[in-house]
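Listed below, chain by chain, are the residues.
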Amino acid sequence: MGRVAVVSSLVIVAAVIGSIASYQVKPANYAKLVEKQKKFDEAFEKEFYVEHTKYVETGERSERLEEMFEHMRQQPDMFRMEMDNHPLPYLTTECTACRALVTTYLTYRRVLGWDRDRIAAQAASTCETLNILTPANCVKIVNKNIDILLYIIDNRPSLSAQTICGIIFQSGTCVLEDPAFLNWSINVPAGGRPITGSKTSPNRGASDIKIIHITDVHYDPHYRTGYNAVCGEPCCCREGQGIPSNPADGAGEWGDYRDCDSPWKAVEDAVRAAARQHPDAAYVYHTGDIIDHGVWETTVAGNIVSMTRTLQLFRDVFGSKPVYSVLGNHENNPTNVFAPSYIDRTDFSASWLYDFSADQWSTWLPTATQQTIRQGGFYTALVRPGFRIIGMNNNDAYTFNWWILYDPTYLQAQLQWVHDTLLQAEAAGEKVHILAHIPIGTGTSYRTWARQYRRILDRFWDVITAHFHGHTHADEFNVFYSLANPQHAISVGFNGGGTVPFSNYNPNYVVYYVNPQTYQVTDFESWYFNLTEANQNPNRSPIWTQLYSFSRDFQLSNVSPASLDGLVRRFASNPTDLRRYWEMKVKRGDPFLAAGCDGDCLLNHLCEIVTNEANDDSKCNALAAIFRNLDDELFNEEK
């Protein structure tokens, strides 16, 4: 979800945001609509400040202020969605709200000199008015974030509402214009093998290495079977939310399609099922988000308990099998917020998380990884001769990481380290898998960071053989295209989906087949269980079955960038295949299948595959031109 404003909706919504991402295709007259919206937003912003100031002075909301709050009020179905997936009308309204609220609160702080407690009280009131959380939880989430935000605002007096909202939305009238946030770069000297075409790979073979990918378990220690799954908050099925009068509204035994995380028994079952069904797997990739979505009440101590229990489960189940983990955006407290290493205030620093991770991951990682993990939660490890892993902490480039607003250039350090590590790998003749929680280049990846990463990928396209992500809870893939030669597909990002059903999904994990010479992914398959069926049989374990075997189901020789680029173009002209992909992406979740996916929906999912950077619509536009010209009954009904 995405209603945002300084210490009010900005704090709250970013913290509780859900996790399904999908590109939003822009209409042909988008530029004209944006220009029109700019004028509206400028007028709304000024008027809101006037009306809200009157309310602060008198204690009474005018009829006009009530109308403006109603215009900004949170749509109830936005809680479960990553902002990428919000329809354009919602995004437009959210941007309007961001600009109006941020401008107002910046003025209260900088001009009127409001203190911390007054800002916090008013922000919590705004949270309640916009129906984002319950009044008590509004207070909790504001207090978790306000000191960080005020520190940033006070120490960056030139930071404007336009820049704040431009970082978060990166589109529409909330477009980033500040050169300080757009123009930084890292050092990427020329070199490497020239890109002369799309990258190919071998077909699947009998000697391929198997790798299990588990992600987004979102273990909720407060989950209780039978408790309210329709609680009206961003995360339900929790003991504090009570037992509903209607039993149908109660949480399921093995999880719930509604806005609920995973009970421990479901986390344990998923990990044990993956190990049981694939004992010949050589490695395990774990791409983060152990912690639940109850972000208004997370604590360092509580997060440590949940992470310790989950990582111990990996040790118990997989034994000596190496597990390569990266951090999710939910692991820190507050959620999403990863400060620069030079910020030494203990209440702001993520050092506790990095130290914890260094200790826990030492079971599987060499001693040499300790320094960078403790520095920033990232590392590299040689898996076997010729094969290296880079585990990134790209949560720092998530657009809801407030510290981007303080110093965007602090992101340079890790990116430069990635470049330098790849340079060393290239010299050693190694191939590299990149692990990162947030899909690189999605709409919630900070655009300048994504552009700099694409420069790295262009340079080391022949060294990086695959990317592995989580975060979205969707079982999907992304094709990366060369920045210099955009017709050439050079890499693929594979998403492990998630064992959590939040929201509307079936739980899953993914297994990859990797060529032992090139270390390219040759095929992949997904395993899942139907949550409805499992909850109807609460006294036995869920039945895990294969959701798909990708090459077989789409008649492909391999899953190379070249092959998947061809499949994407096939999707543009064949809605039947695209619909099959969508069903797999949502893991045949019963609510998704019941709601369906019309032509515009399918096109959004198609474009999401090929978008490598916010606002780079070039690949989408080319596919949309083919897709919209289809003479098919599916689309005739929608024209």
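The structure presented is a predicted model; accordingly, all values stated were derived computationally and were not measured.

Some points on helix H15 (residues 447-459)
- Taking 1.5 Å of rise per residue, 13 residues should cover 18 Å, and H15 covers 19 Å from first to last C-alpha, within 8% of that figure.
- With 10 of its 13 residues buried, H15 lies for the most part within the structure.
- Those residues of H15 that fall on the buried side of the exposure criterion are Thr-448, Trp-449, Ala-450, Gln-452, Tyr-453, Arg-454, Ile-456, Leu-457, Asp-458 and Arg-459.
- In the core, the buried residues of H15 are packed alongside helix H8 (179-182), helix H14 (412-427), strand S6 (431-435), strand S7 (464-469), strand S8 (477-481) and strand S9 (489-495).

Focus: the sheet that holds S8
- Here 6 strands make up an open sheet; going across it, the order is S4-S5-S6-S7-S9-S8 and the pairing mixed. Of all the strands in the sheet, the pair left with one neighbour each is strand S4 (379-384) and S8. This sheet shows a mean twist of 25° between the axes of neighbouring strands, independent of strand direction.
- When S8 meets S9, the two strands line up antiparallel, connected through 5 bridges. The residue of S9 that forms the bridge with Asn-478 is Gly-493.

Here's the deal with the state of the cysteines
- Going through the model one piece at a time under the given rule, you end up with 7 disulfides.
- There is a disulfide in this structure between Cys-127 and Cys-138, and the S-S distance comes to 1.9 Å. With the S-S dihedral at roughly -70°, the linkage between Cys-127 and Cys-138 falls on the left-handed side. Of the two residues, Cys-127 sits in helix H5 (residues 116-129) while Cys-138 sits in helix H6 (residues 135-155), which places them 11 residues apart along the sequence.
- Judged by its relative accessible area of 0%, Cys-138 falls in the buried class.
- Each sulfur in the disulfide pair Cys-237 and Cys-260 lies 2.0 Å from the other. Taking the sign of the torsion about the S-S bond as the criterion, the disulfide between Cys-237 and Cys-260, at about 65°, is right-handed. Separated by 23 residues along the polypeptide, Cys-237 in the loop between strand S1 (209-214) and helix H9 (264-277) and Cys-260 in the loop between S1 and H9 bring together distant segments of the chain. Cys-260 matches Cys-237 in its accessibility class, with the two residues each being buried.
- The thiol sulfur of Cys-235 is not disulfide-bonded, and the nearest other cysteine sulfur, from Cys-260, lies at 6.6 Å.

Details of unusual backbone geometry
- Put simply, Asn-333 and Pro-334 share a cis peptide bond, and its omega is 0°.
- Looking at where Pro-334 falls in the secondary structure, it is placed in the loop between strand S3 (323-325) and helix H11 (351-361).
- Put simply, Phe-502 and Ser-503 share a cis peptide bond, and its omega is -15°.
- You can see Ser-503 is positioned in the loop between S9 and strand S10 (508-514).
- For His-471, which is not glycine, the phi dihedral falls at a positive 80°.
- Tracing the chain through its elements places His-471 in the loop between S7 and S8.
- A relative accessible area of 2% means that His-471 is categorised as buried.
- For His-473, which is not a glycine, the phi torsion comes out positive at approximately 70°.

Describing the packing of helix H18 (residues 561-573) against helix H21 (residues 599-610)
- Where H18 meets H21, the axes come as close as 11 Å, and the angle between the chain directions of the two elements is 160°. When the interaxial angle is binned, H18 and H21 end up roughly antiparallel. In the packing of H18 onto H21, the handedness of the crossing is left-handed. Contact residues: Val-568, Phe-571 and Ala-572 in H18; Leu-606, Ile-609 and Val-610 in H21.

Concerning the pairing of S4
- Both S4 and strand S5 (residues 387-391) contribute to a ladder of 5 bridges, which runs antiparallel. For Thr-380, the partnering residue across the bridge sits in S5 and is Ile-390.
- In this antiparallel pair of consecutive strands, S4 and S5, the connection spans 2 residues, and Gly-386 shows a positive phi of 90°.

Concerning the pattern of salt bridges
- Overall, the coordinates contain 38 salt bridges when judged by the stated rule.
- Across the pair Arg-193 and Asp-462 runs a salt bridge, and its minimum N-O distance is 3.1 Å. Placement of Arg-193 in the loop between H8 and S1 and of Asp-462 in the loop between H15 and S7 is noted, with a sequence separation of 269 residues between them.
- We note a salt bridge from Glu-608 to Lys-585, for which the minimum N-O separation is 3.7 Å. Taken together, the residues span a long stretch of sequence, with Glu-608 in helix H21 and Lys-585 in helix H19 (residues 575-585) at a distance of 23 residues.
- For Lys-585, a relative accessible area of 1% gives the class buried.
- One salt-bridge network, in which partners are shared between bridges, spans Arg-447, Arg-451, Arg-454, Glu-613 and Asp-616.

Some words on the UniProt feature "binding site: Zn(2+) 2" (unreviewed entry) in the chain
- Those residues carrying the UniProt feature "binding site: Zn(2+) 2" (unreviewed entry) are Asp-289, Asn-329, His-437 and His-471 in this numbering. With the annotated positions falling across 183 residues, the maximum pairwise C-alpha distance of 8.2 Å places them together in a single cluster.
- Among the structural elements, Asp-289 can be located in the loop between strand S2 (283-286) and helix H10 (300-318).
- Those residues in contact with Asp-289 that lie beyond four places of it in its chain are Asp-216, Val-217, His-218, Gly-328, Asn-329, His-330, Glu-331, His-437 and His-471.
- The residue His-437 is located in the loop between S6 and H15 in this model.
- According to the relative accessible area criterion, His-437 is buried, its value standing at 0%.
- Polar contacts involving the side chain of His-437 include one to the main-chain carbonyl oxygen of Thr-287, which spans 2.6 Å.

Reading the values: rules and limits
Residues numbered from 1 in each chain as written. Predicted model: local features only at pLDDT ≥ 70, side-chain atom pairs only at ≥ 80, totals over all residues. Heavy atoms only, no water. Helix = DSSP H or I, 4+ residues; strand = E, 2+ residues; numbered from the N terminus. Expected span 1.5 Å × (residues − 1). Buried < 20%, exposed > 50% of the residue type's maximum accessible area, 1.4 Å probe, protein only. Contact = heavy atoms within 4.5 Å. Pairing = 2+ DSSP bridges. Axes fitted to C-alpha atoms, helices over the stretch in contact; angles between N-to-C directions. Disulfide = S-S within 2.5 Å. Parallel < 35°, antiparallel > 145°, perpendicular 65-115°, else oblique. Left-handed = near helix turned anticlockwise from the far one by under 90°. Salt bridge = Lys/Arg side-chain N within 4 Å of Asp/Glu carboxyl O. UniProt positions renumbered as here; feature names shortened; annotations may be inferred. Polar contact = N/O pair within 3.5 Å; in protein donor to acceptor, adjacent residues only side chain to side chain.

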